[in-house]
Amino acid sequence: MSITEEAIVRIARHAHEANRIYCSSIGDYTQKDWKDAPQWQKDSAIAGVRMLVENPLATPADSHASWMAHKE
């Protein structure tokens, strides 16, 4: 299956918004809307989606390791 860059960004935006809503539900209001989020945060979300698209058999642990590597 081929996925466009536009689709990857759209998925990342939805994932970011889901996380922002979850955070606010537990009293953490530090996460900004996608449109107001800093570029590094958008880049991180996009990288996470891209990793999963390119590695469909990745486990949650693999996803977390990739996220940590991106942060480092």
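Our subject is the structure listed above.
Residues numbered from 1 in each chain as written. Predicted model: local features only at pLDDT ≥ 70, side-chain atom pairs only at ≥ 80, totals over all residues. Heavy atoms only, no water.

A word on the environment of Glu5. Tracing the chain through its elements places Glu5 in helix α1 (residues 5–25). Glu5 has contacts with Ile46 and Arg50, leaving out every residue within four places of it along the chain. A distance of 2.5 Å separates the side chain of Glu5 from the side chain of Arg50, its partner in a polar contact. (Helix = DSSP H or I, 4+ residues; strand = E, 2+ residues; numbered from the N terminus. Contact = heavy atoms within 4.5 Å. Polar contact = N/O pair within 3.5 Å; in protein donor to acceptor, adjacent residues only side chain to side chain.)

What the largest pocket holds in volume is close to 420 Å³. For the largest pocket, the lining is made up of 19 residues, of which Gln41, Ser44, Ala45, Trp67 and Lys71 are closest to its centre. Ranked by residue count, the leading element in the lining of the largest pocket is helix α2 (residues 39–54), at nine residues. (1 Å grid on protein atoms, 1.4 Å probe; cavity = no way out; pocket = protein on both sides within 12 Å on 5 of 7 lines; lining within 4 Å. Points joined across faces, edges and corners; volume = space filled by probe spheres on them.)

This brings us to the pattern of salt bridges. A side chain of one charge can pair with a side chain of the opposite charge if their charged atoms are brought near each other. A complete count under the given rule lists five salt bridges for this structure. Where Arg10 meets Glu6, a salt bridge forms, and the shortest distance between an N and an O atom there is 3.3 Å. Linking Arg10 with Glu6, this pair stays in helix α1, spanning four residues, or about one helical turn. Overall, Glu6 belongs to the exposed group, its relative accessible area being 56%. For Arg20, the salt bridge goes to Glu17, with nearest N and O atoms at 2.7 Å. Highlighted residues: Arg20 and Glu17, both in helix α1, separated by three residues, approximately one helical turn. (Salt bridge = Lys/Arg side-chain N within 4 Å of Asp/Glu carboxyl O. Buried < 20%, exposed > 50% of the residue type's maximum accessible area, 1.4 Å probe, protein only.)

Turning our attention to the packing of α1 against α2. Closest axis-to-axis distance for the α1/α2 pair is 8 Å, and the angle between their directions is 115°. Judged by the twist between their axes, the crossing of α1 over α2 is right-handed. Facing Glu5, Ile8, Val9, Ile11, Ala12 and His16 of α1, the residues of α2 in contact are Gln41, Ala45, Ile46, Val49, Arg50 and Val53. Residue composition of the contact of α1 with α2, grouped by class: eight nonpolar, two polar and two charged. (Axes fitted to C-alpha atoms, helices over the stretch in contact; angles between N-to-C directions. Left-handed = near helix turned anticlockwise from the far one by under 90°. Nonpolar A, V, L, I, M, F, W, Y, C, P; charged D, E, K, R; others polar.)

In short, the description is geometric, and any link to function would need to be established separately.
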